[in-house]
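# Close look at the chain arrangement
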Amino acid sequence: MVVVPDLPNVPPLAQWYRDDKLLKPSKLAGMTVGGGVARLTLPNLAKDDEGLYTLRIFTKDGTTEHSAYMFVSDAAASPAGAPGAPMSVKAYDINSDYVLVAWKPPNTVNDAAITGYFVDRCEAGSDSWVQCNDSPVKICKYPVHGLKVGHSYHFRVRAVNRVGISRPSRKSDKVTALDAAESERLQGTDEGLLLSFPATVIKIEGKYDIVIKDDDLEGYVTIPGEPIDVHASEICKSYVVLSWKPPSPRGRAPLWYIIEKCLAGTGAWQRINTAVKLHSPRYPVFDLQDGQKYQFRVYSVNMYGSSEASAPSEPIQKVDEDADLNTGLKHRHVVSPLLRVRIVASRNTKTSVFVQWDAPKVLKNLMGYYIDGRVVGAKDWFPCNNKPFKHNRFVVHGLIPGESYVFRVQAVNVFGLSDESQESSPIAVEPALATPSAPFGITMLSCDGSSMTLAWKSPKHCGGSKVNAYYIDKRNADTLVWKEVNLAAVTERICTVDNLTEGTFYEFKIQAANMAGVGVPSAPSDPMKCEAWTFNEPGPAYDLSFSEIRSHSLVILWKAPVYTGASAVTGYLVEMAKKGSSDFVTLNQEAVSHRYLQVTGLEEGETYVFKVRAVNASGVGKPSQLSEPVCAKALPGTKEIVAGVDEETGDVFLSLEACEICDTSKFVWSKNYKQIGDCPRVAITTKGRTSRLTFTNPDKDDLGRYSVVVTDTDGVSGSHTLTEDALNTMLELSYAIRHPIVPLKHGLNYEVLEKGHVRFWVQAVKLSSSVSYRFIVNDKEVTSGEGHKISH
């Protein structure tokens with residue numbers, strides 16, 4: 001982000017965020033501000049770094065921010081098909097000889113199901129990694145024990161599926177194996193009475209404070225007291241984490257613990273940690289039998305001896321709290337809950353889509369959801385979020401305008417990712433529906449003294465939905481009161497207003513409506529006098545529009561005048577000028593009889609305006625209203641109509657692939673700029689961005705200029721002139737496809753078999769199973785039956 005002004009001696013405060021979490025300078029994120037630029041450097045990029053990055057600049061004038069979503073492609077797994085690397089490995093619940101490690105599943109969607117994970121540890125400063133678990137753990141957390149007190153460790157995780165083992169995750173931050181309670185006990189301070197060790201405070205007359213440490217009170221204690229509150233702080237299918245409170249009194253001598261277990265109600269106690277000197281008030285217990293209930297008790301031990309046993313815990317059964325995540329549903333694989341929900345996508349902005357889904361009714365310990373998207377017609381899915389999103393609605397940003405997408409959702413908990421939900425219906429990326437903008441360019445096409453025929457131009461912004469109605473208001477130019485002209489909607493951009501007073505000036509305004517409602521009214525028209533037209537020349541043409549705009553050419557189209565004058569209209573003259581100039585040039589010296597004209601010789605990037613005059617036997621009529629300015633520049637990615645022959649069916653066709661499209665767009669085909677309706681000679685099909693016009697039985701009657709316009713776009717259109725020579729060439733190719741010559745490996749052969757039988761046979765290079773054939777003997781066809789056996 002460029003910072004203006006650049007003040008070297010007073011750099012602004014710049015803060016970087018990933019997914020709204022403040023980033024701090026570290027080995028994984030370098031930050032600099034200087035030279036007018038704020039820069040974030042990620043020297044060791046990993047999938048964990050994917051997310052929405054935001055830079056906030058704090059200056060005297062306020063806060064400015066800029067955001068961008070960064071997608072990170074994971075490294076290719078080895079072997080191919082192995083899972084991606086797990087992410088976000090963290091160590092917490094840190095004790096002197098026990099640490100709980102947790103992580104997130106790989107953010108991949110195309111691999112085989114994950115069957116478990118391996119956890120590795122490494123002492124800080126060393127590159128030697130040691131695997132912590134002998135068999136893959138099924139959930140996304142694992143208690144690592146057997147650590148050395150005071151030593152620092154890093155952890156990493158590898159995922160496993162039926163193909164192989166993933167690359168290791170990014171290593172966790174360094175953690176030190178120290179008991180938090182013991183650390184407070186040894187490192188506490190009483191300065192300013194900020195007490196972080198066990199102590200008693202006695203106040204004398206409210207003025208003096210006497211601090212007596214608990215250690216002072218325990219100075220003569222040798223044998224420690226028994227631990228209390230033994231319970232299971234975590235229960236999983238593969239282990240149980242026991243927790244308890246340290247004894248009080250405990251004495252000053254170093255303390256450790258011994259754990260015993262027994263089957264509930266039997267009283268047959270068995271020591272668990274015979275080979276481990278346990279210092280932490282927590283311990284993971286493995287190797288418990290399924291379906292059995294256990295009780296536990298703990299002893300405190302120091303150099304002087306052992307305490308009495310603690311009170312036994314409540315009966316504890318090793319169960320998988322998260323196994324039955326969806327009652328009555330069978331898992332696809334054991335590490336995942338099953339997600340079967342309805343997902344709906346709706347329009348949001350020109351580059352984003354709002355996705356929401358039904359939350360599962362029974363889903364324990366839900367960590368959130370992952371959303372995937374895919375362009376309609378594409379194979380690969382892409383991730384929409386890097387970390388689980390906890391709500392059942394999400395806005396997907398960074399999409400391509402006009403493209404159509406589908407989405408799916410997966411839930412995640414400690415067991416990993418669920419099955420994918422069903423796909424959403426396809427949704428085109430377009431702004432959310434809004435009312436259309438105001439129509440404009442209101443003009444009068446004819447007047448008979450008691451009525452006026454008006455025309456206007458469609459709104460520049462349709463609001464994301466087709467404009468399907470217009471409402472007209474009128475007023476006397478001398479008054480301020482507007483009156484409705486039509487209660488029923490007008491669907492065309494032309495309307496005759498009746499019951500007017502001759503000689504009176506009127507003003508009109510028009511509102512457009514779509515699915516979202518009625519839009520804002522147009523500006524009032526210029527005052528128009530209700531006066532009967534009696535001149536002999538034609539009235540103005542109207543509804544000037546453009547098609548096939550390219551760098552040096554375009555096609556202008558218009559509609560015939562409503563008022564024809566004293567005789568029929570025989571042709572049209574088209575005038576053109578550069579925008580801002582009044583020097584109009586007539587483009588055709590002889591009037592054209594059709595209502596379109598191809599204009600060539602334009603300057604690329606220059607903007608032009610046009611007007612059209614109708615001609616009859618009495619002369620040249622009134623000019624049309626000035627057209628909208630049009631720039632001689634093709635849309636990026638513009639493609640032309642292609643003529644071809646289908647390689648499978650032999651059909652002759654014309655096809656156009658649109659460079660942009662929206663969900664309300666339609667392909668409107670015309671021949672010689674007259675719209676093709678239901679015509680038996682052609683069939684029109686549309687798939688995605690491509691529309692095809694197929695000729696059913698092409699001949700000379702199909703020759704002409706074909707054009708297509710894609711509605712609700714910025715002018716996507718094209719044309720193609722079908723000539724006789726081109727049609728004959730395509731018909732020859734069509735015949736060859738429909739009547740192919742079958743290449744033979746061998747011609748007709750024969751061989752004499754036993755008993756005087758004779759076999760005739762022929763071998764082709766390739767035949768389908770539905771082949772048909774005939775055998776002719778002496779100019780007569782023979783069939784299978786007595787005397788002949790025919791097969792293929």
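Only a predicted model underlies this, so the values are computations on that prediction, with no experimental measurement involved. Think of each chain on its own: its residues are numbered from 1, step by step along the sequence as written. In view of the model being predicted, local features appear only for residues whose pLDDT reaches at least 70, and side-chain atom pairs are presented and counted only at 80 or more, with totals across whole chains, interfaces and linings using the full set of residues. The basis for the side-chain values is all heavy atoms of the structure; hydrogens and waters are excluded.

### Some remarks on the sheet that holds strand β32 (residues 440-447)
To keep it simple, the criterion reads: Strand pairing requires that DSSP identify at least two bridges connecting the strands. Runs of E in the DSSP output that reach at least two residues are strands. Runs of H or I that reach at least four are helices, and both are numbered from the N terminus. Each axis is a line fitted through C-alpha atoms, taken for helices only over the stretch in contact, and angles between the N-to-C directions span 0 to 180 degrees.
The three strands are arranged β32-β33-β36 in an open sheet whose pairing can be described as antiparallel. Each edge of the open sheet carries a strand with a single partner, namely β32 and β36 (494-497). Across the sheet, the mean angle separating the axes of adjacent strands is 25° when strand polarity is ignored.

### A look at the nonpolar core
Here is the rule: We call a set of buried residues a nonpolar core when its members are Ala, Val, Leu, Ile, Met, Phe, Trp, Tyr or Cys and they connect through side-chain atoms within 4.5 Å of each other. Each residue's exposure class comes from its accessible area (1.4 Å probe, protein chains only) as a fraction of the maximum for that residue type: buried when under 20%, exposed when over 50%, partly exposed otherwise. By the convention used here, residues are in contact when the closest approach between their heavy atoms is within 4.5 Å.
The biggest cluster of nonpolar side chains holds 26 residues, and the ones touching the most others in it are V101, W103, Y117, V119, V144 and F155. Ranked by residues supplied to this core, first place goes to strand β8 (residues 98-104) with five residues. Apart from the residues lying within four places of it in its own chain, the contact partners of Y117 are P86, W103, P105, P106, N133, P136, V137, I139, C140, V157, R158 and A159. Judged by nonpolar contacts, the second largest core, of 21 residues, contains I442, M452, V467 and V490.

### With respect to the packing of aromatic side chains
Aromatic rings in a pair are described by how distant their centres are and how their planes are angled relative to each other. For clarity, the threshold we go by: For Phe, Tyr and Trp, where Trp contributes only its six-membered ring, two rings pair if their centres lie within 6.5 Å, and the inter-plane angle classes them as stacked under 30 degrees, edge-to-face over 60, or tilted in between.
The full count for this structure, using the stated rule, is 20 aromatic pairs. Ring centres of Y596 and Y673 lie 4.4 Å apart, and the angle between their planes is 45°; this geometry places the pair in the tilted category. Taken together, the positions of Y596 in strand β44 (residues 596-600) and Y673 in the loop between β50 (667-671) and β51 (674-675) put the pair 77 residues apart, joining distant regions of the chain. Of the two residues examined, Y596 and Y673, each falls in the buried class.

### Quick notes on the sheet that holds strand β20 (residues 282-285)
Consider a sheet: its strands pair through backbone hydrogen bonds, and that pairing is either parallel or antiparallel. Read from one edge to the other, the open sheet built from three strands follows the order β16-β17-β20, with strand pairing classed as antiparallel. Single-partner strands in this sheet number two, and they are β16 (228-235) and β20. Within this sheet the neighbouring strands show an average axis-to-axis angle of 25°, counted without direction.

### Concerning the confidence of the model for the chain
Basically, it comes down to this: What pLDDT expresses is the predictor's confidence in each residue, scored from 0 to 100.
Looking at the chain, the pLDDT average stands at 84 and 88% of residues meet or exceed 70. Every residue in residues 186-197 is under pLDDT 50, and counting partners more than four places away or in other chains gives 16 contacts. pLDDT under 50 marks residues 321-338. Its contacts with residues more than four places away, or in other chains, come to 50 contacts.

### Here we look at helix α3 (residues 724-738)
The cut-off we apply is this: The span you would expect from a helix comes to 1.5 Å times its residue count less one. An arc is given here, and it is the one of the directions from the helix axis to the C-beta atoms.
Here α3 contains 15 residues, and its C-alpha end-to-end distance of 21 Å stays within 8% of the 21 Å for a straight helix at 1.5 Å per residue. Turning to α3, its buried residues are L727, M730 and S734. Taken around the axis of α3, the buried residues stretch over an arc of 70°, which confines them to a single face. For α3, the exposed residues set more than 90 degrees away from the buried face come down to D725, T729, E732 and Y735. Here the buried face of α3 lies against β48 (642-645), β49 (652-657) and β55 (717-722).

### Here we look at the pattern of salt bridges
This is how the line gets drawn: The term salt bridge refers to a side-chain nitrogen of Lys or Arg lying within 4 Å of a carboxyl oxygen of Asp or Glu.
One pass over the structure, following the stated rule, counts 32 salt bridges. With a closest N to O distance of 2.9 Å, D543 and R493 form a salt bridge. Here the residue D543 occupies a position in strand β40 (residues 542-547), and R493 occupies one in the loop between β35 (483-484) and β36, the gap between them amounting to 50 residues. Residue classification places D543 among the buried positions, given a relative accessible area of 19%. Note on R493: relative accessible area 23%, which makes it partly exposed. As a salt-bridge pair, K700 and E724 come within 3.4 Å of each other at their nearest N and O atoms. Of this pair, K700 sits in the loop between β53 (690-695) and β54 (704-710) while E724 is found in helix α3, placing the two residues 24 residues apart along the sequence. Judged by its relative accessible area of 58%, K700 falls in the exposed class.

### Brief notes about the environment of S627
The criterion, for reference: Each polar contact in these results corresponds to two N or O atoms within 3.5 Å; when the atoms are within protein, one needs to be able to donate a hydrogen and the other to accept it, and residues that are neighboring in sequence are counted only if both atoms are side-chain atoms.
Mapped onto the secondary structure, S627 falls in the loop between β46 (619-623) and β47 (630-631). On the basis of relative accessibility, which here comes to 4%, the residue S627 falls in the buried class. Along the chain, S627 and V612 lie 15 residues apart, while their C-alpha atoms are 9.0 Å from each other. Of note is the side chain of S627, whose polar atom sits 2.8 Å from the backbone nitrogen of F610.

### Some details on a nonpolar patch on the surface
Worth spelling out the cut-off: What makes a patch is a set of residues exposed beyond 30% relative accessible area and free of salt bridges, joined within 9 Å when like-charged and within 5 Å when nonpolar (Val, Leu, Ile, Met, Phe, Trp, Tyr). Here the Shrake-Rupley method, with its probe set to 1.4 Å, supplies the accessible areas, and only the displayed protein chains count as covering residues.
Taken together, V742, L744, L748, Y750, V752, V758, F760, V762 and L767 make up a surface patch of nonpolar side chains, about 930 Å² in accessible area. Contributing elements (two or more residues each) for the nonpolar patch: β56 (744-752) and β57 (758-764). The dominant element in the nonpolar patch, judged by the number of residues it contributes, is β56, at four residues. Within the fold, V742 resides in the loop between α3 and β56. By relative accessible area, which is 43% here, V742 ends up partly exposed.

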